[in-house]
Amino acid sequence: MQAWAEFKLQKTKGAKIQHALDASHAKTVKENRYCIRAVINALLYIACQNEAQRGHSQCYDGAAVMSGHISGVQERFRREMSLAVYVHCYAHRLSLVVVDCVHNVQAATEIFVTVQKLCKFFSTSVVHEEFLKVQKELGPVNQHIALKRLSDTTWAYQHAACLAVKRTFPAIVTTLKRLVKGDNLHSATESKGLCILLDQQFVTSLVAIEKLLLMTKQLSDHLQSPDLQLASAEDLVQSVISGLSEMRTGVAWKDLKESAEDICKKVGIRTETVNQDGQRSAPRHLDEFIIT
């Protein structure tokens, strides 16, 4: 009731909604600033204790508020403890490297754009309700799965988003097919467009990228562990590098292709034989012909 009274008062004064949002944002920033200040003071107090005089490193992400060389947290900390060397978080650096690499691969970019479109479309109330209903019809599950939004700064979200699409792909396709035949012309048009994007190439790329992201996510989680040991981190890094190299072999490609074909068959997507280099093989009934 208090919020409603404030809203009516603002409306009487001619205040716009944007003004209310700006005021709310300013309040949140002010509260967060007090919390950050308390954390910084606690860190500075610890740094000045006798047990910390040998020097400790400090590790944050690359945000200016943390890594800034003029008034960032790391710089203010070093003013009190000069031996506290700042290190850019390796988990965050790994995330940035993977993001930059993936954004330069057209197939991967297309996958994430499609996943983002699916997430946005299925986040609407009507579509989301139908999506949950289809999940329940297709099989008993203890917990319904919702599609996840992507985030470039937190790479773990990319894996969660791809995994959610992969696990609920039959429900996604079924929901889209129902909406195409529905009375809502706007939803029917968008559903038809999304159905066209969900072909064999999308499924194959989704399976491959989800597996790749799982490997890098495990490494990222380990690098963020408070019990991290340098030796185990180096071993895991080498293991991930070896695993990524093995994904380029014919055996790994065969497993990925079979997994993608199984998903396609479950939802009725037409499949064609795809080579490791991404080229589709000619149909068998054309073996006796010369194709140009």
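Structural data are supplied above this passage.
Heads up: these notes are all about the structure in this document. Keep in mind it's a predicted model, so treat the numbers as computed, not measured.

**Digging into the packing of helix H7 (residues 125–138) against helix H9 (residues 169–180)**
Logical step 1: Packing of H7 against H9 brings their axes to within 9 Å, and their N-to-C directions diverge by 125 degrees. In terms of axis orientation, H7 runs oblique to H9. Considering only the axes of H7 and H9, their crossing is right-handed. Taking contact as the criterion, the partners of Val 127, Glu 130, Phe 131, Val 134, Gln 135, Glu 137 and Leu 138 in H7 are, on H9, Pro 170, Ala 171, Ile 172, Thr 174, Thr 175, Arg 178 and Leu 179.

**Observations regarding H7**
Logical step 1: Given a rise of 1.5 Å per residue, 14 residues ought to cover 20 Å, and the 20 Å separating the end C-alpha atoms of H7 matches this to within 8%.
Logical step 2: Val 127, Glu 130, Phe 131, Val 134 and Gln 135 are the residues of H7 that are buried. Summarising the axial view, the buried residues of H7 lie within an arc of 145 degrees, below the 170-degree limit, and thus occupy one face. With respect to the buried face of H7, the exposed residues turned more than 90 degrees away are Ser 125, Val 126, Glu 129 and Lys 136.
Logical step 3: Contacts made by the buried residues of H7 are with helix H6 (106–122) and H9.

**Here we look at the pattern of salt bridges**
Logical step 1: By the definition in use, this model includes five salt bridges.
Logical step 2: With a shortest N-O distance of 3.3 Å, Glu 210 and Lys 166 are connected by a salt bridge. Of this pair, Glu 210 sits in helix H11 (residues 200–223) while Lys 166 sits in helix H8 (residues 156–167), and the two are 44 residues apart along the sequence.
Logical step 3: Assessed through its relative accessible area of 8%, Glu 210 is described here as buried.
Logical step 4: Between Asp 221 and Lys 217 there is a salt bridge, and its shortest N-O distance comes to 2.8 Å. Residue Asp 221 and its partner Lys 217 are located together in helix H11, separated by four residues, close to a single helical turn.
Logical step 5: According to the relative accessible area criterion, Asp 221 is partly exposed, its value standing at 37%.

Analysis parameters
- Residues numbered from 1 in each chain as written.
- Predicted model: local features only at pLDDT ≥ 70, side-chain atom pairs only at ≥ 80, totals over all residues.
- Heavy atoms only, no water.
- Axes fitted to C-alpha atoms, helices over the stretch in contact; angles between N-to-C directions.
- Helix = DSSP H or I, 4+ residues; strand = E, 2+ residues; numbered from the N terminus.
- Parallel < 35°, antiparallel > 145°, perpendicular 65-115°, else oblique.
- Left-handed = near helix turned anticlockwise from the far one by under 90°.
- Contact = heavy atoms within 4.5 Å.
- Expected span 1.5 Å × (residues − 1).
- Buried < 20%, exposed > 50% of the residue type's maximum accessible area, 1.4 Å probe, protein only.
- Arc of directions from axis to C-beta.
- Salt bridge = Lys/Arg side-chain N within 4 Å of Asp/Glu carboxyl O.

The values reported here are purely geometric and, on their own, carry no functional implication.
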